[in-house]
Number of protein chains: 2
Amino acid sequence: MQKVLIEEFERIVGKQNCFSEIEDTMAYSYDAFPEEPKAPDIVVKPNDYEQIGQIIKLCNENSIPLIVRGSGTNLSGGTLPVSGGCVMLMTGFNKILDINTDDLYAIVQAGVVTQKLADAVAKKGLLYPPDPASLKVSTLGGNVAENSGGLRALKYGVTSHYLMGVKFFDNEGNLIKGGGKPVKLVTGYNLPGLMLSSEGTLGVMVEFILKLVPPPQSRKTLLVVYDDLIKASQTVSDIISSKIVPATLEILDNFTIQTVEKYHHLGLPTSAQAILLIEVDGHEAAVEDEYKKVADICKSLGGQIYIAKDDLERDSLWQARRDALSSLARLNPTLILEDATVPRSKVPAMMQAISEIAKKYNLLIGTFGHAGDGNLHPTILTDKRNKEEMKRVEKAIDEIFEITLKLEGTLSGEHGIGIAKAKYLESEVGQSTIAFMKKLKFGLDPGNILNPHKMSL
Amino acid sequence: MQKVLIEEFERIVGKQNCFSEIEDTMAYSYDAFPEEPKAPDIVVKPNDYEQIGQIIKLCNENSIPLIVRGSGTNLSGGTLPVSGGCVMLMTGFNKILDINTDDLYAIVQAGVVTQKLADAVAKKGLLYPPDPASLKVSTLGGNVAENSGGLRALKYGVTSHYLMGVKFFDNEGNLIKGGGKPVKLVTGYNLPGLMLSSEGTLGVMVEFILKLVPPPQSRKTLLVVYDDLIKASQTVSDIISSKIVPATLEILDNFTIQTVEKYHHLGLPTSAQAILLIEVDGHEAAVEDEYKKVADICKSLGGQIYIAKDDLERDSLWQARRDALSSLARLNPTLILEDATVPRSKVPAMMQAISEIAKKYNLLIGTFGHAGDGNLHPTILTDKRNKEEMKRVEKAIDEIFEITLKLEGTLSGEHGIGIAKAKYLESEVGQSTIAFMKKLKFGLDPGNILNPHKMSL
């Protein structure tokens with residue numbers, strides 16, 4: 001990057017918030033998706049909204065790609081500076097501006113860590129439901145940009161169900177306002193809806209109004225142990241078609257159970273072929289009734305039920321689930337986490353297919369995920385330096401997506417397309433839909449400044 | 001319209017589905033918003049998707065405005081052919097293509113009447129919650145285009161919470177696919193979100209995938225009578241801030257009560273200054289508990305509670321609410337229905353302000369609406385031939401929106417902007433947001449073919 005441009009950035013954010021030496025920029029050359037790192041030309045950390053507007057203008061006028069970054073937990077390469085440019089750090093925008101307990105909303109900046117909001121809201125006796133597995137580090141900006149889900153999504157929905165308002169800068173550095181504080185709002189285009197899952201390609205989001213809900217009065221958490229993976233999967237499908245909506249319905253396969261247990265010693269049943277983690281919540285009497293119905297379905301398919309007897313046991317079960325990814329990641333140098341998602345009745349067929357693909361290509365695949373949403377995380381443990389194995393990995397991924405689409409599923413339930421799944425996009429949505437997405441993108445960002453090269457755009 | 005163009009339309013849909021005589025086109029010159037009628041040049045009724053694509057192409061190539069119309073219940077003038085052009089009738093696309101009870105979704109065409117879907121879904125033991133007051137005639141296409149709410153929106157949300165997938169034609173007649181059958185999907189831009197509340201300006205929607213939910217097991221319906229409008233409004237605000245979310249929480253003021261009773265003889269308390277209609281639903285025990293809490297709040301503010309003793313009484317109460325608009329409409333030749341929406345804690349202030357504005361301008365205003373959502377329907381009864389009164393009406397509306405925005409509310413909770421509220425849009429969202437909306441619109445429809453002149457675009 002030309003010195004004169006670097007000086008322009010320094011003028012906007014101050015020298016101390018501007019990094020262009022490779023030692024610094026390398027730290028922003030990757031995210032949680034395993035891809036060749038690519039350092040940006042410059043990293044800037046603005047301190048106020050005005051600076052953000054000025055940075056965008058500078059980038060737009062000089063055709064500098066602008067990649068907005070929170071905590072970098074993105075699993076589809078969405079924050080990778082593919083063609084260099086400027087990485088803008090949003091972590092400084094970490095203020096919870098308001099928690100309104102009369103009207104049940106929070107106003108937050110994009111750099112607030114998800115868990116921090118959840119905790120602050122809980123202290124006021126309310127609940128912010130979206131709880132992606134990375135909530136301890138992920139920022140709300142990233143959650144909106146990817147429309148993050150989480151463990152509770154089955155009953156409570158994903159980020160889209162809670163985004164009431166958004167403030168963002170457009171490609172020219174103008175501040176745009178979408179949505180607002182009323183729970184119903186149809187004034188003009190649905191800009192919060194537009195920004196959800198747009199992966200940083202349409203604007204730079206700075207502030208959100210998020211809906212809060214009363215927390216459940218009561219809950220019951222079950223660990224259900226199966227000696228057959230398909231019977232566990234069938235349970236998921238049967239619960240949904242019985243018109244019961246638990247808060248959470250997660251699955252872990254044998255390989256994942258063993259790996260979590262190996263590192264965390266939580267007392268999981270390592271000989272189980274699969275476990276389900278189920279939580280029902282709500283009114284005490286409703287919880288009791290739903291629990292009985294769920295338990296009957298589990299038993300009829302051979303599941304052995306253990307009920308968490310207190311909060312400590314419950315937390316330990318959820319910890320097991322939250323540790324799945326990090327545990328698997330310890331096994332091999334490279335981890336590839338997919339989030340193929342199918343209609344719930346197709347979960348058994350999908351689990352079966354993943355097992356067969358693992359065998360066929362002789363790969364280590366641990367599968368866990370939000371089974372109640374049909375959102376599975378087949379996780380391939382490999383080593384990207386092993387060229388021969390990586391060829392098999394690639395073929396396996398191709399097949400996983402092929403079967404996902406055949407089962408009327410989608411490439412991504414919650415991780416986004418980024419660069420990871422760009423090549424599969426057309427097979428799901430077709431050419432004309434991609435052309436429409438391009439019209440949308442380039443109508444709003446003709447210079448292709450905002451996070452270019454993502455989502456096949 | 002040139003004869004050669006009319007012949008082109010006739011070639012596509014057949015002569016019998018093409019109407020260009022003024023006797024026919026006049027029938028499509030207005031919707032439910034009181035505005036000078038403006039006949040389109042031609043009305044066409046396509047029979048299959050291919051014909052829709054061809055009509056769009058023809059319009060695009062010849063710069064003919066294209067206005068898509070379902071049942072014409074639009075309350076903001078969204079289906080008015082402001083500058084003539086072609087009205088395309090979607091009522092022929094009235095097939096429910098699938099109701100999937102395993103995965104809890106329905107696939108429907110855009111011309112399906114809302115009630116028809118609700119009934120078909122109920123027969124399968126499921127619930128499609130969005131229930132706009134016009135559900136007996138409104139079509140799902142219109143519901144999506146306006147993001148319709150309804151009586152149950154407080155607990156169950158609006159159309160946006162149920163739209164999983166959409167198929168639509170773009171401005172060039174290409175079929176575009178957004179969303180899908182999985183409950184979680186972040187593959188590319190959120191096209192269902194984009195189409196919601198886009199008022200026919202971004203594409204021609206033909207098919208939807210809609211989420212279904214298990215119906216509540218039990219419910220309790222209350223009529224609460226107040227001798228003070230503000231105390232009734234305060235009850236609404238207190239219920240929400242007590243973290244109780246009833247399924248329904250509606251208000252009718254004295255004038256509306258009297259008018260409904262005058263025409264429908266339902267036995268409503270005509271001397272009441274306001275009534276609340278409240279329904280709590282869910283698990284039987286939860287309903288009982290919530291009812292008690294709600295009743296305590298109502299009583300503490302002087303409300304007298306009557307409980308619907310059976311389905312017949314319940315239906316009669318809901319009928320009273322659903323009859324509000326049509327009853328008021330009988331009083332005077334012109335009815336102007338607004339849907340100013342504020343955060344719920346501002347409902348008392350808003351009700352107070354509307355009363356004062358009615359007095360100040362000596363106007364008949366009946367107010368009812370979805371108080372639990374902060375979504376009020378101040379309804380002005382007037383006569384558009386009375387020029388002097390219309391001036392006062394205009395001033396009153398200006399003031400209603402002024403106070404709405406001052407209370408952090410929005411111009412429209414569920415009726416849309418259309419032409420009715422276009423002039424107020426800037427005062428809510430600001431110039432740069434309108435400029436952004438224009439970039440969005442003209443990037444996707446550079447010829448401005450799709451429902452032009454709406455939403456200030």
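Residues numbered from 1 in each chain as written. Chains lettered and ligands numbered in written order. Predicted model: local features only at pLDDT ≥ 70, side-chain atom pairs only at ≥ 80, totals over all residues. Heavy atoms only, no water.

- The name given to chain A in an unreviewed UniProt entry is Glycolate oxidase, with the source organism recorded as Desulfurella multipotens.
- Recorded in UniProt under Sequence similarities (unreviewed entry), the annotation for chain A is "Belongs to the FAD-binding oxidoreductase/transferase type 4 family."
- Among the UniProt annotations of chain A, the heading Cofactor (unreviewed entry) holds the following wording: "FAD". (UniProt positions renumbered as here; feature names shortened; annotations may be inferred.)

**Brief notes about the overall build of chain A**
For step 1, the next point in the chain: On a plain count of helices and strands, chain A comes out with 16 helices and 16 strands.
For step 2, the next point in the chain: Taken against the 2.2 N^0.38 rule, which gives 23 Å for 457 residues, the C-alpha radius of gyration of chain A at 22 Å falls within 12% of a compact globule.
For step 3, the next point in the chain: For chain A, the residues scored as buried account for 61% of the 457 residues in total.
For step 4, the next point in the chain: A separation of at least 24 residues holds for 72% of the contacts in chain A among residues at least 6 apart in sequence.
For step 5, the next point in the chain: In the structure as shown, chain A presents an accessible area of about 16,400 Å², 49% of it carried by carbon and sulfur atoms.
For step 6, the next point in the chain: Separation of charge centres in chain A, based on 49 positive and 57 negative side chains, amounts to 1 Å. (Helix = DSSP H or I, 4+ residues; strand = E, 2+ residues; numbered from the N terminus. Rg over C-alpha atoms; globule rule 2.2 N^0.38 Å. Buried < 20%, exposed > 50% of the residue type's maximum accessible area, 1.4 Å probe, protein only. Contact = heavy atoms within 4.5 Å. Areas by Shrake-Rupley, 256 points an atom, 1.4 Å probe, with all protein chains shown as cover. Lys, Arg positive; Asp, Glu negative; His and termini not counted. Charge placed at Lys NZ, Arg CZ, Asp CG, Glu CD.)

**Focus: helix H4 (residues 114-123) of chain B**
All names here are of chain B.
For step 1, the next point in the chain: Along H4, the residues that are buried comprise Thr114, Leu117, Ala118 and Val121. An end-on view of H4 places all buried positions within 100° of arc, on one side of the element.
For step 2, the next point in the chain: Elements that come into contact with the buried residues of H4 comprise strand S5 (96-100), strand S6 (105-109), helix H5 (140-146) and strand S9 (204-211).
For step 3, the next point in the chain: Directly after H4, the chain includes glycine 125, whose backbone phi takes a positive value near 80°. (Arc of directions from axis to C-beta.)

**Points about the pairing of S6 of chain B**
All names here are of chain B.
For step 1, the next point in the chain: Among the 5 residues in S6, 5 count as buried, and that is most of the element.
For step 2, the next point in the chain: Two elements, S5 and S6, share 4 bridges in a ladder whose sense is antiparallel. By the bridge assignment for S6, asparagine 100 is matched with tyrosine 105.
For step 3, the next point in the chain: In textbook terms, the turn of a hairpin is the stretch between consecutive antiparallel strands, and for S5 and S6 this stretch comprises 4 residues, one of which, leucine 104, has a positive phi near 60°.
For step 4, the next point in the chain: The pairing of S6 with S9 spans 5 bridges and is antiparallel. The residue of S9 that forms the bridge with valine 108 is phenylalanine 208. (Pairing = 2+ DSSP bridges.)

**Observations regarding the packing of helix H8 (residues 229-241) of chain B against helix H10 (residues 284-300) of chain B**
All names here are of chain B.
For step 1, the next point in the chain: Direction vectors running N to C along H8 and H10 enclose 145°, while the axes themselves pass 9 Å from each other. Remark: the crossing between H8 and H10 carries right-handed chirality. Along the contact surface, H8 presents Thr235, Asp238 and Ile239, while H10 presents Val294, Ile297 and Cys298.
For step 2, the next point in the chain: The residue inventory of the contact of H8 with H10, partitioned by class, reads 4 nonpolar, 1 polar and 1 charged. (Axes fitted to C-alpha atoms, helices over the stretch in contact; angles between N-to-C directions. Left-handed = near helix turned anticlockwise from the far one by under 90°. Nonpolar A, V, L, I, M, F, W, Y, C, P; charged D, E, K, R; others polar.)

**Points about the relation of the copies chain B and chain A**
For step 1, the next point in the chain: Expressed as a screw operation, the relation of chain B to chain A combines 0.0 Å of axial shift with a rotation of 180°, fitting to an RMSD of 0.0 Å. What we have between these two chains is a two-fold relation.
For step 2, the next point in the chain: Interface residue correspondence from chain B to chain A reaches 100%, placing this contact among same-surface, isologous pairings. (Least-squares fit on C-alpha atoms with pLDDT ≥ 70 in both.)

**Points about empty space enclosed by the protein**
For step 1, the next point in the chain: One pass over the structure, following the stated rule, counts 2 cavities of 30 Å³ or more.
For step 2, the next point in the chain: Considering only enclosed or pocket space, the largest cavity measures out at about 60 Å³ in volume.
For step 3, the next point in the chain: At the level of secondary structure, the elements contributing two or more residues to the lining of the largest cavity comprise helix H15 (425-429) and helix H16 (431-444) of chain A together with strand S8 (175-179) of chain B.
For step 4, the next point in the chain: Ranked by the residues each element gives to the lining of the largest cavity, the list is headed by S8 of chain B, at 3 residues.
For step 5, the next point in the chain: One number sums up the size of the second largest cavity: a volume of about 30 Å³. (1 Å grid on protein atoms, 1.4 Å probe; cavity = no way out; pocket = protein on both sides within 12 Å on 5 of 7 lines; lining within 4 Å. Points joined across faces, edges and corners; volume = space filled by probe spheres on them.)

**Looking at helix H1 (residues 3-13) of chain A**
Residues and elements named next belong to chain A.
For step 1, the next point in the chain: Within the span of H1, buried status applies to Leu5, Ile6, Phe9, Glu10, Ile12 and Val13. Considered in projection along H1, the buried side chains sweep an arc of 160° and stay on one side of the axis. Seen from the buried face of H1, the exposed residues on the opposite side, beyond 90 degrees, are Lys3, Val4 and Arg11.
For step 2, the next point in the chain: Buried residues along H1 sit against strand S1 (18-19), strand S2 (42-44), helix H3 (49-61) and strand S4 (86-89).
For step 3, the next point in the chain: Following H1 by one or two positions, glycine 14 has its phi on the positive side, about 90°.

**With respect to the pattern of salt bridges**
For step 1, the next point in the chain: Evaluation of the coordinates by the stated rule reveals 50 salt bridges over all chains.
For step 2, the next point in the chain: Lysine 184 of chain A is the salt-bridge partner of aspartate 373 of chain B, the closest N and O atoms lying 3.9 Å from each other. Taken together, the residues aspartate 373 of chain B in the loop between strand S15 (364-370) and strand S16 (375-382) and lysine 184 of chain A in the loop between strand S8 (175-179) and helix H7 (191-195) connect one chain to another. No difference in accessibility class separates aspartate 373 of chain B from lysine 184 of chain A, as the two residues are buried. (Salt bridge = Lys/Arg side-chain N within 4 Å of Asp/Glu carboxyl O.)

**Let's talk about the packing of aromatic side chains**
For step 1, the next point in the chain: This structure, assessed with the given rule, holds 8 aromatic pairs over all chains.
For step 2, the next point in the chain: Ring plane angle 75° and centroid distance 5.1 Å describe the contact between phenylalanine 168 of chain A and phenylalanine 436 of chain B, whose orientation is recorded as edge-to-face. With phenylalanine 168 of chain A in strand S7 (residues 163-169) and phenylalanine 436 of chain B in helix H16 (residues 431-444), this pair bridges two chains. Each of the two residues, phenylalanine 168 of chain A as well as phenylalanine 436 of chain B, counts as buried.
For step 3, the next point in the chain: Here phenylalanine 401 of chain A and tyrosine 424 of chain A contribute two aromatic rings whose centre-to-centre distance is 4.6 Å and whose plane-to-plane angle is 50°, an arrangement assigned as tilted. In this pair, phenylalanine 401 of chain A is assigned in helix H14 (residues 387-406) and tyrosine 424 of chain A in the loop between H14 and H15, connecting sequence segments 23 residues apart. Tyrosine 424 of chain A shares its class with phenylalanine 401 of chain A; the two are buried.
For step 4, the next point in the chain: Sitting over the ring of tyrosine 291 of chain A, lysine 220 of chain A keeps its end group 4.5 Å from the ring centre. (Phe/Tyr/Trp six-rings, centres within 6.5 Å; stacked < 30°, edge-to-face > 60°. Lys NZ or Arg CZ within 6 Å of the ring centre and 35° of its normal.)

**Observations regarding the domain arrangement of chain A**
All names here are of chain A.
For step 1, the next point in the chain: If you check the domain split of chain A, you get domain 1 (3-89), domain 2 (96-211) and domain 3 (218-406).
For step 2, the next point in the chain: Distance between the C-alpha centres of domain 2 and domain 3: 27 Å.
For step 3, the next point in the chain: Between domain 2 and domain 3, the buried area comes to about 1,100 Å², and carbon and sulfur atoms account for 54% of it.
For step 4, the next point in the chain: In terms of surface lost to domain 3, no three residues of domain 2 exceed Leu151, Leu154 and Lys155, which account for 65% of the buried area on that side. (Domains from an automatic or database assignment. Buried area = accessible area lost by both parts, 1.4 Å probe.)

**Brief notes about the packing of helix H1 (residues 3-13) of chain B against helix H3 (residues 49-61) of chain B**
Between two packed helices, both the angle of their axes relative to each other and the distance between the axes serve to describe the pair.
All names here are of chain B.
For step 1, the next point in the chain: One can describe the packing of H1 onto H3 by two numbers: an axis separation of 9 Å at closest approach and a directional angle of 165°. When the interaxial angle is binned, H1 and H3 end up roughly antiparallel. Seen along the crossing, H1 lies across H3 with a hand that is right-handed. Only Gln51, Gln54, Ile55, Leu58 and Cys59 of H3 make contact with H1, whose side of the interface consists of Leu5, Glu8, Phe9, Ile12 and Val13.
For step 2, the next point in the chain: Looking at the contact of H1 with H3 residue by residue, the class counts come to 7 nonpolar, 2 polar and 1 charged. (Parallel < 35°, antiparallel > 145°, perpendicular 65-115°, else oblique.)

**Comments concerning the sheet that holds strand S10 (residues 218-226) of chain B**
All names here are of chain B.
For step 1, the next point in the chain: Pairing is antiparallel across the open sheet formed by 7 strands, whose spatial order is S13-S10-S12-S11-S15-S16-S14. Lying at the two open borders of the sheet, with one neighbouring strand each, are strand S13 (304-307) and strand S14 (334-337). On average, each strand axis in the sheet is tilted by 20° relative to the strand beside it, whichever way the strands run.
For step 2, the next point in the chain: Bridge count for strand S11 (residues 248-253) against strand S12 (residues 274-282) is 6 bridges, and the pairing is antiparallel. In the strand pairing of S12, threonine 248 is matched with glutamate 279.
For step 3, the next point in the chain: Helix H9 (residues 254-264) rests against S11, S12, S15 and S16 of the sheet, and its axis sits at about 85° to S11.
For step 4, the next point in the chain: Relative to the sheet, helix H14 (residues 387-406) contacts S14 and S16, its axis offset from that of S16 by approximately 170°.

**Thoughts on the interface of chain B and chain A**
For step 1, the next point in the chain: On the chain A side, the residues contacting the 85 residues of chain B number 85 residues.
For step 2, the next point in the chain: Taken together, both faces of the contact between chain B and chain A bury some 6,800 Å²; the carbon and sulfur share is 61%.
For step 3, the next point in the chain: Looking only at chain B, the three residues that lose the most surface to chain A are Lys184, Val186 and Tyr189 of chain B, adding up to 14% of its buried area.
For step 4, the next point in the chain: Summed over the shared surface of chain B and chain A, the result is 10 salt bridges.
For step 5, the next point in the chain: Taken together, the links from chain B to chain A amount to 36 residue pairs in polar contact (both at pLDDT 80 or more).
For step 6, the next point in the chain: Element by element, the count of residues in the side of chain B that touches chain A is highest for H16 of chain B, at 9 residues.
For step 7, the next point in the chain: Here the side of chain B that touches chain A is built from residues that sort into 34 nonpolar, 31 polar and 20 charged. (Polar contact = N/O pair within 3.5 Å; in protein donor to acceptor, adjacent residues only side chain to side chain.)

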